[in-house]
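Listed below are the residues making up each chain.
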Amino acid sequence: MASSNSEVEKKFRLFRVYKDGRIELYHPHWKIIPPFDDPITGVRSKDVIISSDPSVSARIFLPRVTKPNQKFALLFYVHGGAFCSMSAFSPQYHEFCSTVAAKTDVIVVSVEYGLFPTRPIPACYDDSWTALQWVADHANGYGPDPWLNDHAYFGSVFIAGESAGANISHTLAFGVGSIGLPNVKVVGLLMVHPCFGGTVDDHQWLYMCPVHGGLEDPRLKPPPAHLALLGCERVLIFVAEKDHLNSIVRGRITTKN
């Protein structure tokens, strides 16, 4: 007879759950790299600790500064990874954020948030909101990070994310609209392949979030009415033609006046 230690109770697309309570991610490891200054583009990067309990941090990317007190728009970025993998410090996200900073002259703040199963949902939403509030604390010029104090223009802030990060970004923009973010103007929300409900992965999200509102939980499946409540002026959504989320996303797009 098989031991309960090896008996699988539930299977999802990204992990399995054993009867003894163990959770096994199918892809539990990913590479991370340290921040560095790019001698070619002039983009500098560094890591900052936002909270130690719970652990929340971020990687900041500063474009080439050509004059004292030069101001840049700010992009708050939330990485993807299906709520259970990847990192703001992964090579692909470091390269992406560094490239965006170099080519568009924006400061990028890429948040490192808690992941399932170590920290179940809603840690990802809570950590990202904590990080966004931390960024906003610099709007008066007296925050803990000198790069943001000296060079961030808080009249032009964007929130963006990819996949799970796009889902989280949507919730952040809704928070800005419903709760507020003093002294900060969020101009736009950018969502790349947003991971919303309506797919076979819905029950996976519900398992990762012990306390939820079912299949209609607004974080998983935001109602169309929420679009009008987002705390930004414009929304831009990217979705690939053959992405399995294509029809889900298109079905939720309405016009915001």
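The coordinates are above.
These numbers come from a predicted model, not from an experiment.

What counts, and where the lines are drawn
- Residues numbered from 1 in each chain as written.
- Predicted model: local features only at pLDDT ≥ 70, side-chain atom pairs only at ≥ 80, totals over all residues.
- Heavy atoms only, no water.
- Helix = DSSP H or I, 4+ residues; strand = E, 2+ residues; numbered from the N terminus.
- Rg over C-alpha atoms; globule rule 2.2 N^0.38 Å.
- Buried < 20%, exposed > 50% of the residue type's maximum accessible area, 1.4 Å probe, protein only.
- Pairing = 2+ DSSP bridges.
- Right-handed = clockwise from strand over helix to strand, strands pointing away.
- Axes fitted to C-alpha atoms, helices over the stretch in contact; angles between N-to-C directions.
- Contact = heavy atoms within 4.5 Å.
- Expected span 1.5 Å × (residues − 1).

*Asks:* Quick question: what am I supposed to make of the overall build of the protein here?
*Replies:* Scanning the protein for helices and strands turns up 6 helices and 10 strands. Over its C-alpha atoms the protein spans a radius of gyration of 19 Å, differing by no more than 12% from the 18 Å that the globule rule assigns to 257 residues. Each of the three principal axes of the protein carries a C-alpha extent, and together these read 70 × 40 × 35 Å. The proportion of buried residues among the 257 residues of the protein is 51%.

*Asks:* Would you explain the pairing of strand β7 (residues 106-112) in this entry?
*Replies:* The two faces of a sheet get side chains in turn, since along a regular strand they alternate between them. Buried residues dominate β7, accounting for 7 of its 7 residues. Alignment of strand β5 (residues 55-62) against β7, held across 5 bridges, turns out to be antiparallel. What sits directly across from F61, in β7, is V108. Viewed along the sheet, the connection from strand β6 (residues 72-78) through helix α1 (residues 91-104) into β7 turns out right-handed.

*Asks:* What's the story with the sheet that holds β6 in this structure? I'm lost.
*Replies:* The strands making up a sheet are joined through hydrogen bonds of the backbone, oriented either antiparallel or parallel. With mixed pairing, the 7 strands of this open sheet are ordered in space as β4-β5-β7-β6-β8-β9-β10. The open sheet has two edge strands with one neighbour each: β4 (44-52) and β10 (234-238). Across the sheet, the mean angle separating the axes of adjacent strands is 20° when strand polarity is ignored. Against the sheet, α1 touches β4, β5, β6, β7 and β8 (152-162), its axis set at about 160° to β7. Relative to β8, helix α4 (residues 164-178) is tilted by about 140°, and along the sheet it contacts β6, β8 and β9 (186-192).

*Asks:* Help me understand α4, please; the structure alone is not making it clear to me.
*Replies:* Every α-helix carries 3.6 residues per turn, so stepping three or four residues along brings you back to the same face. The terminal C-alpha atoms of α4, which comprises 15 residues, lie 21 Å apart, in line with the 21 Å expected from a rise of 1.5 Å per residue. The buried fraction of α4 amounts to 11 of the 15 residues, a majority that puts the element mostly inside the structure. Of all the positions in α4, only A164, G165, A166, N167, I168, S169, H170, L172, A173, G175 and V176 are classed as buried. Among the structural elements, β6, α2 (123-136), β8 and β9 are those in contact with the buried residues of α4. Looking one or two places after α4, you find G180, whose phi comes out positive at around 105°.

*Asks:* Would you mind showing me how to read the pairing of β5 here?
*Replies:* Buried residues dominate β5, accounting for 7 of its 8 residues. Bridge count for β4 against β5 is 8 bridges, and the pairing is antiparallel. For R44, the partnering residue across the bridge sits in β5 and is L62. Here β4 folds back onto β5 in antiparallel fashion, the turn holding 2 residues.

*Asks:* It is not clear to me how the sheet that holds strand β3 (residues 23-25) should be interpreted in this structure. Could you clarify?
*Replies:* Read from one edge to the other, the open sheet built from 3 strands follows the order β1-β2-β3, with strand pairing classed as antiparallel. The open sheet has two edge strands, β1 (8-11) and β3, and neither has a second partner. When strand polarity is set aside, the average angle formed by the axes of neighbouring strands in this sheet is 20°. Pairing of β1 with strand β2 (residues 15-18), which is carried by 3 bridges, proceeds in the antiparallel orientation. Residue V8 lies in a different strand from β2, and its bridge partner there is Y18.

*Asks:* Help me out: how do you make sense of the environment of L206 in this one?
*Replies:* With respect to the element layout, L206 can be found in helix α5 (residues 202-208). C-alpha of L206 to C-alpha of L220: the two residues are 14 residues apart in sequence and 8.6 Å apart in space. With sequence-adjacent residues up to four places away left out, L206 is seen in contact with H212, G214, L215 and L220.

*Asks:* I'm lost on unusual backbone geometry in this one. Help?
*Replies:* A negative phi angle is the norm for most residues apart from glycine, just as the trans form is the norm for most peptide bonds. P117 follows F116 through a cis peptide bond whose omega is 5°. Positionally, P117 belongs in the loop between β7 and α2. At the junction of I121 and P122, the peptide bond is cis and its omega measures out at 25° in the coordinates. Looking at where P122 falls in the secondary structure, it is placed in the loop between β7 and α2. In the Ramachandran plot, M86 falls in the positive-phi region, its phi being about 75° despite a non-glycine side chain. Following the sequence through the fold, M86 ends up in the loop between β6 and α1. In this structure, S163 is a non-glycine residue whose phi angle is positive, near 60°.

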